[in-house]
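Letter by letter, the chains look like this.
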Amino acid sequence: MIRFILLQNRQGKTRLAKYYVPLEDSEKHKVEYEVHRLVVNRDPKFTNFVEFRTHKVIYRRYAGLFFSMCVDITDNELAYLECIHLFVEILDHFFSNVCELDLVFNFHKVYLILDEFILAGELQETSKRAIIERMGELEKLD
């Protein structure tokens, strides 16, 4: 199960945070800070999987953003690494070459995309085409 998803820039500014387990606001800020310190200082030669408390953080860096997911220790790392890549591909398709500013100014659409393929901390949809079609339908409604 996915515990949380974070999108952070290199400076540690959180651009998106989605929690699937209840945490206090102070604990959320602490977690965001710890995860950023954990992933930003890692050597690129190391794997993208890090133990974090009693869970695992799977992360991937795209340009200046770190996409991080905290999952159960027994979950498949490669599946979630592929999930991060799918999320980035969908964002890239939806925003036509996505950048950090797209995430800041269209955060509601980013959350909508995330909700289309992750529900209650579980991966629901893995088809890029199906997600993009649904997003197109939702765009027509606006």
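In the block above lies the structure referred to throughout.
As the structure is a computational prediction, the values presented were derived from the model and not from experiment. (Residues numbered from 1 in each chain as written. Predicted model: local features only at pLDDT ≥ 70, side-chain atom pairs only at ≥ 80, totals over all residues. Heavy atoms only, no water.)

(A) Region of the structure containing helix α4 (residues 107-117). When we look at burial in α4, the residues that qualify are V110, I113, L114, E116 and F117. Down the axis of α4, the sector holding all buried residues measures 155°, keeping them to one side. (Buried < 20%, exposed > 50% of the residue type's maximum accessible area, 1.4 Å probe, protein only. Helix = DSSP H or I, 4+ residues; strand = E, 2+ residues; numbered from the N terminus. Arc of directions from axis to C-beta.)

(B) Geometry of the packing of helix α2 (residues 77-95) against helix α5 (residues 128-141). Running from N to C, α2 and α5 cross one another at 40°; their axes reach a closest spacing of 11 Å. Taken together, the axes of α2 and α5 are oblique relative to one another. Our pair here, α2 against α5, has a crossing hand that is right-handed. Packed against α2, whose contacting residues are L86, E89, I90, H93 and F94, the element α5 presents K128, I131, I132, M135 and E139 at the interface. The residue inventory of the contact of α2 with α5, partitioned by class, reads six nonpolar, one polar and three charged. (Axes fitted to C-alpha atoms, helices over the stretch in contact; angles between N-to-C directions. Parallel < 35°, antiparallel > 145°, perpendicular 65-115°, else oblique. Left-handed = near helix turned anticlockwise from the far one by under 90°. Contact = heavy atoms within 4.5 Å. Nonpolar A, V, L, I, M, F, W, Y, C, P; charged D, E, K, R; others polar.)

(C) Highlighting the sheet that holds strand β4 (residues 55-62). The antiparallel open sheet is built from five strands, whose spatial order is β2-β1-β5-β4-β3. With partners counted over all chains shown, the strands left at the sheet margins are β2 (14-19) and β3 (49-52), one partner each. Sheet twist, expressed as the average angle between the axes of neighbouring strands with direction ignored, equals 20°. Most of the contacts of helix α1 (residues 25-40) go to strand β1 (residues 2-9), to which it runs at about 65°, and overall it touches β1, β2, β3, β4 and β5 (65-72). (Pairing = 2+ DSSP bridges.)

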